[in-house]
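This is what each chain is made of:
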Amino acid sequence: MKIIYMGTPDFAVTILEKLMDVGHDIKMVFTQPDRPKGRGKKLQAPPVAEFAKSHDLMLYQPESVKTSEVEELFLEAKPDVVIVAAYGKIIPDNLLVIPKYGFINVHASILPKYRGAAPIQWALRNGDTETGVSIMKLESGLDEGPIFNTATIKIDMNWNKKDLFEALAVLGATTLVKTLDKIDSLSPIPQNHQDATYAPMFGKKDGCIDFSMAAKDIVNLNRSLLPDDSIYTFINNKRLAFKRVSFFDNMKQGNSIPGTIVSIEKKSIGIATGEGVLFVSEVQPAGKKEMPVQSFLNGHPLKVGDIFSNES
């Protein structure tokens, strides 16, 4: 099958690689432009761009696909289908009608749940025990198209964002290939729009801990951010990230206000929350590397009764 592929992160690389492995003809690849990253703000290519270059695939990285040049590329390629996986740009209507089978999107949730850009993060943040992928026909509207196929997966409670991304990428690749094999006999089923929920991208302040939340929910929020980010708080007007946390629902915390240190052990500190106690065993002070909490306490003595804040 002649395919134009559109995707950006590692999740999309796994799917693209699977399409190539089973023999589909990748006519061209579209991904996001290189962006400045890190402290040095050096330009860094998206994972899909790196993969496409290393496999000599025709690569395009336009700032916008709403141009006559992009439309001309699509018309010349005459793709059977366009596969979209976490591309990150809205596809205009004039492109949607070009391929024989339209645009097929690999979405990392069981639609209509978690429409939007961050379904994996929200599944973890909400403490879901199951999620999956939807193979859908792309139409106007945010993830509103009819569904060709779905597949589910159990979420290991020790998984973080990276773990779930990797598991769903493999599941999405396998489910997509099965769908393409039977595409002529499949009729996509419309979604129930009344059941739709949304999963917007997290903002910079989403990781700031609200200690009035239940300890379990704070742990789940951290899972949705790790490993490239984490929850954080402030103590003595300084930012402190919590890299490794756990919780205990039934530990007595008296009448302590949420955010109050209620225990200091050799390898962890316990903090009162809205429900249960949050245990922190690994932290990262601003501008420094991750460290065990006991190493942090050696240079920053804390005591039971000290209170963490959600602002500096």
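A quick note: this is a predicted structure, and the numbers were derived from the prediction, not measured. (Residues numbered from 1 in each chain as written. Predicted model: local features only at pLDDT ≥ 70, side-chain atom pairs only at ≥ 80, totals over all residues. Heavy atoms only, no water.)

I'd love a proper account of the overall build of the chain, names of residues and values included.
Per the secondary structure count, the chain includes 8 helices and 15 strands. Dimensions of the chain, computed from C-alpha atoms along their principal axes, come out at roughly 70 × 45 × 30 Å. Across the 312 residues that make up the chain, the buried fraction comes to 49%. Counting only carbon and sulfur atoms, one obtains 50% of the accessible surface of the chain, whose full area is about 15,900 Å². (Helix = DSSP H or I, 4+ residues; strand = E, 2+ residues; numbered from the N terminus. Buried < 20%, exposed > 50% of the residue type's maximum accessible area, 1.4 Å probe, protein only. Areas by Shrake-Rupley, 256 points an atom, 1.4 Å probe, with all protein chains shown as cover.)

Go over the pairing of strand E14 (residues 277-285) with me, naming the residues and quoting the values.
In this structure, strand E11 (residues 238-248) lies alongside E14, joined through 8 bridges in antiparallel fashion. Bridging across to E14, Val245 finds its partner in Val280. As judged from the 4 bridges shared by strand E13 (residues 269-272) and E14, these two strands associate in the antiparallel manner. Counted as the bridge partner of Ile269 is Val280 from E14. From the end of E13 to the start of E14, which pair antiparallel, there are 4 residues, and Gly276 there has a positive phi angle of about 85°. Taking the residues between adjacent antiparallel strands as the criterion, E14 and strand E15 (residues 291-292) are bridged by 5 residues, where Gly287 takes a positive phi near 80°. (Pairing = 2+ DSSP bridges.)

Tell me about the nonpolar core, residues and numbers included.
Ranked by size, the top nonpolar core spans 69 residues in total, and within it Tyr5, Phe242 and Phe308 carry the most contacts. The element that contributes the greatest number of residues to this core is helix H6 (residues 161-181), accounting for 9 residues. Membership of the second largest hydrophobic core comes to 20 residues, among which are Met28, Val65, Leu96 and Leu138. (Core = buried A, V, L, I, M, F, W, Y, C linked by side-chain atoms within 4.5 Å.)

A description of the packing of aromatic side chains should follow, citing residues and the corresponding values.
Scanning the model with the defined rule gives 8 aromatic pairs in all. Aromatic side chains Phe30 and Phe74 sit 5.4 Å apart centroid to centroid with 50° between the ring planes, which places their arrangement in the tilted category. Taken together, the positions of Phe30 in strand E2 (residues 25-30) and Phe74 in helix H3 (residues 68-77) put the pair 44 residues apart, joining distant regions of the chain. The pair formed by Phe30 and Phe74 is uniform in burial state, with each residue classed as buried. Ring geometry for Phe74 against Phe103: centres 6.0 Å apart, planes inclined by 5°, an arrangement best described as stacked. Placement of Phe74 in helix H3 and of Phe103 in strand E7 (residues 103-107) is noted, with a sequence separation of 29 residues between them. By relative accessible area, Phe74 is classed as buried at 0%. Take Phe103: its relative accessible area is 1%, and that puts it in the buried class. Taken together, the ring pairs in this structure connect Phe30, Tyr60, Phe74 and Phe103 into an aromatic cluster. A cation over a ring is seen here: Arg125 above Phe202, with NZ or CZ 4.9 Å from the ring centre. In this arrangement the basic side chain of Arg239 is found over the ring face of Tyr232, its NZ or CZ atom lying 3.9 Å from the centre. (Phe/Tyr/Trp six-rings, centres within 6.5 Å; stacked < 30°, edge-to-face > 60°. Lys NZ or Arg CZ within 6 Å of the ring centre and 35° of its normal.)

For the environment of Asn220, give the residues involved together with the corresponding values.
On the secondary structure map, Asn220 appears in helix H7 (residues 215-225). Considering only alpha carbons, one finds Asn220 and Ile4, 216 residues apart in sequence, at a separation of 37 Å. What Asn220 contacts, discounting residues up to four positions off in sequence, is Leu124, Arg125, Gly127 and Met157. Looking at Asn220, its side chain comes within polar contact range of the side chain of Arg223, at 2.8 Å. (Contact = heavy atoms within 4.5 Å. Polar contact = N/O pair within 3.5 Å; in protein donor to acceptor, adjacent residues only side chain to side chain.)

Requested: an account of the pattern of salt bridges, with residues and values cited.
Per the stated rule, a full pass over the model turns up 10 salt bridges. Across the pair Glu166 and Lys162 runs a salt bridge, and its minimum N-O distance is 2.6 Å. With Glu166 and Lys162 both in helix H6, this residue pair falls 4 residues apart, about one helical turn. Exposure remark for Lys162: the relative accessible area of 42% places this residue in the partly exposed category. Here Asp306 and Lys303 are joined by a salt bridge, their closest N and O atoms 3.0 Å apart. (Salt bridge = Lys/Arg side-chain N within 4 Å of Asp/Glu carboxyl O.)

Report on the side chain of Gln32, specifying residues and quantitative values.
As for its placement among the helices and strands, Gln32 is situated in the loop between E2 and strand E3 (35-37). Among all residues touching Gln32, those that are not within four sequence positions of it are Thr8, Pro46, Gln61, Tyr87, Gly88 and Lys89.

How would you explain H3 if you had to name every residue and give the values?
Those residues of H3 not exposed but buried are Val70, Leu73, Phe74 and Ala77. The buried residues of H3 occupy an angular sector of 95° when the element is viewed end-on, so they sit on one face. Projecting away from the buried face of H3 at angles above 90 degrees are the exposed residues Ser68 and Glu76. On its buried face, H3 is in contact with strand E1 (2-7), E2, strand E5 (59-60), strand E6 (81-85), helix H4 (93-96) and E7. Just downstream of H3, Lys78 is the residue with a positive phi angle, here 50°. (Arc of directions from axis to C-beta.)

Describe H6, listing the residues and the values that go with them.
Between its first and last C-alpha, H6 extends 30 Å over 21 residues, near the 30 Å set by a 1.5 Å rise per residue. The N-capping residue of H6, defined by a side-chain oxygen 3.0 Å from the backbone nitrogen of Lys162, is Asn160. (Expected span 1.5 Å × (residues − 1).)

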